[in-house]
Amino acid sequence: MARGRRGSTGKPGRRVTVVGVLAAVALAGAVAGCSGDPAEESPTPRASVALRVTTVEGTAGLDERTRTDLETEVGDVLSRYVVSAFLGDYPREDFVQSFDSFTSGAARRAVRDIDLLTAARFGDATSMRATQLDARLSFLVDGDDVIGTTAGLRFGFEATTGDGGPSPFTMRGRFMLVEEDGTWSVFGYDVSRDDGGPVESGASP
Amino acid sequence: MRTSAARLTIVARLILLLAVVVLLLPDSAARPATFSLTKVESAKHVDFEDGVVWFLALGSDARPGQAVTDGRADAIQLVGVDLGTGNAVGIGVPRDSWVDLPEGFDRINAALPQGGPDLVAAAVADLVGITPDYVFVSGFDGFRDMVGAIGGVEVQASRAFADPEFDLTVEKGPNRFDATEALDYARSRKELPGSDFERSANQQQLMLGILRELRAHENDEGFMEGGALAALGGLDTNLPPTELYRLALAVTQVEPGRVTICVIGGTPLNVGGAEVIEADVTQARRLAADAREDARLQGGCRD
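The following paragraphs examine the structure supplied in this document. Please read all numbers here as calculations on a predicted model, not as lab measurements.

This part covers the overall build of chain B. Counting its secondary structure elements, chain B contains eight helices and 15 strands. Out of the 303 residues in chain B, the part that is buried amounts to 49%. In chain B, 63% of the contacts between residues at least 6 apart in sequence involve partners at least 24 apart. Just so you have it, chain B exposes about 14600 Å², and 54% of that area is on carbon and sulfur atoms.

Right, here's the structure in full:
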């Protein structure tokens, strides 16, 4: 059941201020990388950018504090996802745990799409950092009841592998979330993934 | 001493020679030609329910100030959606279908004021053989609000007609309707040769048009939320708000090309001076058997 929210106001609903700076993301990016003989270590990767959460629609009837709370709650879900799905300590294989905040049905399906929803293809990388983490939220609020939100995502990452320079890739699209019993869950996704690899055509000379 | 022109001639000859060598020497292997085109992959899924979800969409003729469930159900559409495959089916039920209700035989549209959405669902289940999981009832204002929230709708009309009752002119083919025109199109019946059957088919085309609008704008920020908010205000339903939101987003997974539609046929009857329809129960049951498991009419609409 959607949770009732207090503090309705007549303030404008479009909110473009960056409100979420999530230390967990930046920290995870900064500590990413393999350990070993310092003499053999590659240069320390640059730190990940922070996740920026912006509300763009749907909160016109809510007061400032409630809006901030919503952004923080949804931002926390997205932050945990980014860390589990893309950052963390490399090399790694534990990408399947990235869907802890998904509904059971969405998680089952996400496992099938794990290559597009996580950095599983870069599991052998030596480090990973986020170059862009933007989430734009459109809320569905009925009176005081916050029902759900669509998060428009623009994520960019850079994987460092042992056999070459950084490999940039992006994930863009939407996550759909609902709030039930005070918990936000991802029940849908619609994303596109560009891993930067050129499409090759086998043309004979 | 060579002049600069002579040096340029030598350089040009060397470049030409090099080009000839490059062109004539065979490659050791076929080389893929690389283009500046990157491969973008996509993934989409919306979790609602497994299997086919059946919902009953009712359009009430309740007048202003009247509860939508107090009006008669002049639009009765049974819709099945298989969110796993993206198939969907629409089965239109003629509103004048003569059915057995608790207060005696009556048109099926009288079930709404007699016993609410549950009685309409039960009457449809008796007729078709499929019990809807959810029932939505919309009144005139609610329908207008919903269509208005998505910016109008484009409808493919099977015929051109004009209905002076609604001051509505329809061209054959695509028509762009605003919210009021869309409602008028859904209600228009008297100028249609197929009367109630054809109106039901037009309502199905409206639903398809709305689906196309949702899919066309689903990536616009706030679009789906605006539509869902209008639906929350405009619908009487047994579906909780969070589930309605999830269903709205899930339905956009359905490609219009994977939707099959049919209106149940019937025979006109005169009962005590009232023109009613004896619905083709055999056809209705055949449609249900065909679509029950996969939300698809593979056997077509008619025999």
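Next comes the rest of the account.
So, on to the overall build of chain A. A tally of regular secondary structure across chain A gives four helices and six strands. Each helix and strand of chain A, placed in order from N terminus to C terminus, yields the pattern β-α-β-α-α-α-β-β-β-β. Residue burial in chain A is summarised as follows: out of 205 residues, 48% are buried. Of the accessible surface of chain A, which amounts to about 9100 Å², a share of 50% is contributed by carbon and sulfur atoms.

Examined against the element boundaries, B:E218 turns out to sit in the loop between α5 (195–217) and α6 (223–234). Take B:E218: its relative accessible area is 9%, and that puts it in the buried class. Distance in space between the C-alpha atoms of B:E218 and B:I261 is 23 Å, their sequence separation being 43 residues. Leaving out residues up to four positions away in the same chain, B:E218 has contacts with A:R174, A:D190, B:K44, B:F223, B:M224 and B:T252. At 2.9 Å, the side chain of B:E218 forms a polar contact with the side chain of B:K44.

All names here are of chain B. Taken as a whole and assessed by the stated rule, the structure comprises one disulfide over all chains. A sulfur-sulfur distance of 1.8 Å marks the disulfide that ties C262 to C301. Its torsion about the S-S bond being 70 degrees, the disulfide of C262 and C301 is classed as right-handed. One end of the pair, C262, is in strand β13 (residues 259–263); the other, C301, is in the segment after α8 (281–291), and 39 residues separate them in sequence. The exposure class of C262 is buried, given its relative accessible area of 2%. The exposure class assigned to C301 is partly exposed, which follows from its relative accessible area of 22%.

Before going further, it helps to examine the nonpolar core. Judged by nonpolar contacts, the single largest core of 47 residues is most densely connected at A:Y81, A:F102, A:F157 and A:F175. Only α2 (64–85), α3 (104–112), α4 (114–117), β3 (127–142), β4 (145–160), β5 (166–180) and β6 (183–201) of chain A provide two or more residues apiece to this core. Among residues more than four places away in sequence, those in contact with A:Y81 are A:F86, A:S98, A:F99, A:F102, A:L117, A:F155, A:M171 and A:F175. A:L140, A:F187, B:L211 and B:L247 belong to the second largest nonpolar core, which has 36 residues in total.

Looking now at the pattern of salt bridges. Two side chains bearing opposite charge may form a pair once their charged atoms approach each other closely. Residues and elements named next belong to chain B. Counted by the stated rule, this structure contains 24 salt bridges over all chains. In this structure, R72 engages D61 in a salt bridge whose closest nitrogen and oxygen atoms are separated by 2.8 Å. Taken together, the residues span a long stretch of sequence, with R72 in the loop between β2 (52–60) and β3 (73–82) and D61 in the loop between β2 and β3 at a distance of 11 residues. Classification of D61 by relative accessible area gives buried; the value is 9%.

In this section: the sheet that holds β13(B). Residues and elements named next belong to chain B. Strand order in the open sheet made by the six strands is β12-β7-β2-β3-β4-β13, with mixed pairing throughout. Each having just a single partner strand, β12 (235–237) and β13 make up the two edges of the open sheet. Averaged over all pairs of adjacent strands, the angle between strand axes in this sheet comes to 20 degrees, irrespective of strand direction. Sheet topology note: the β2/β3 ladder contains nine bridges and is antiparallel. Looking across to β3, one finds that S60 is bridged to A73. Helix-sheet contacts for α5 involve β3, β4 (87–92) and β13, and the interaxial angle to β13 is about 160 degrees. Across the face of the sheet, α8 comes into contact with β2, β4 and β13 while running at roughly 165 degrees to β13.

Here we come to the pairing of β2(B). Here is the key point about a regular strand: its side chains alternate between the two faces of the sheet. Residues and elements named next belong to chain B. The element β2 is extensively covered by neighbouring structure, given that nine of its nine residues are classed as buried. Judged by which residues are buried, β2 turns out to be covered on both faces: V52, W54, L56, L58 and S60 on one side and V53, F55, A57 and G59 on the other are all buried. Two elements, β2 and strand β7 (residues 134–138), share five bridges in a ladder whose sense is parallel. Residue pairing across strands places L56 opposite V135, the latter belonging to β7.

Now for unusual backbone geometry. Geometrically, the link from A:Y90 to A:P91 is a cis peptide bond, its omega value of -5 degrees lying close to zero. Its place among the elements puts A:P91 in the loop between α2 and α3. Phi at B:D167 is positive, roughly 50 degrees, even though this residue is not glycine. Note on placement: B:D167 falls in the loop between β9 (161–163) and β10 (168–170). Taking relative accessible area as the criterion, B:D167 reaches 72% and is therefore assigned exposed. Residue B:A295 is not a glycine yet carries a positive backbone phi of 55 degrees. The residue B:A295 is located in the segment after α8 in this model.

We now examine the environment of A:G152. Residues and elements named next belong to chain A. Position of G152 among the secondary structure elements: in strand β4. You can call G152 partly exposed: its relative accessible area is 24%. Taking the C-alpha atoms as reference, G152 lies 9.8 Å from V53; in sequence the two are 99 residues apart. The contacts of G152, once residues within four sequence positions are left out, are D134, A135, R136 and G173.

What counts as what
- Residues numbered from 1 in each chain as written.
- Chains lettered and ligands numbered in written order.
- Predicted model: local features only at pLDDT ≥ 70, side-chain atom pairs only at ≥ 80, totals over all residues.
- Heavy atoms only, no water.
- Helix = DSSP H or I, 4+ residues; strand = E, 2+ residues; numbered from the N terminus.
- Buried < 20%, exposed > 50% of the residue type's maximum accessible area, 1.4 Å probe, protein only.
- Contact = heavy atoms within 4.5 Å.
- Areas by Shrake-Rupley, 256 points an atom, 1.4 Å probe, with all protein chains shown as cover.
- Polar contact = N/O pair within 3.5 Å; in protein donor to acceptor, adjacent residues only side chain to side chain.
- Disulfide = S-S within 2.5 Å.
- Core = buried A, V, L, I, M, F, W, Y, C linked by side-chain atoms within 4.5 Å.
- Salt bridge = Lys/Arg side-chain N within 4 Å of Asp/Glu carboxyl O.
- Pairing = 2+ DSSP bridges.
- Axes fitted to C-alpha atoms, helices over the stretch in contact; angles between N-to-C directions.

Treat this as a map of the structure, not an account of what it does.
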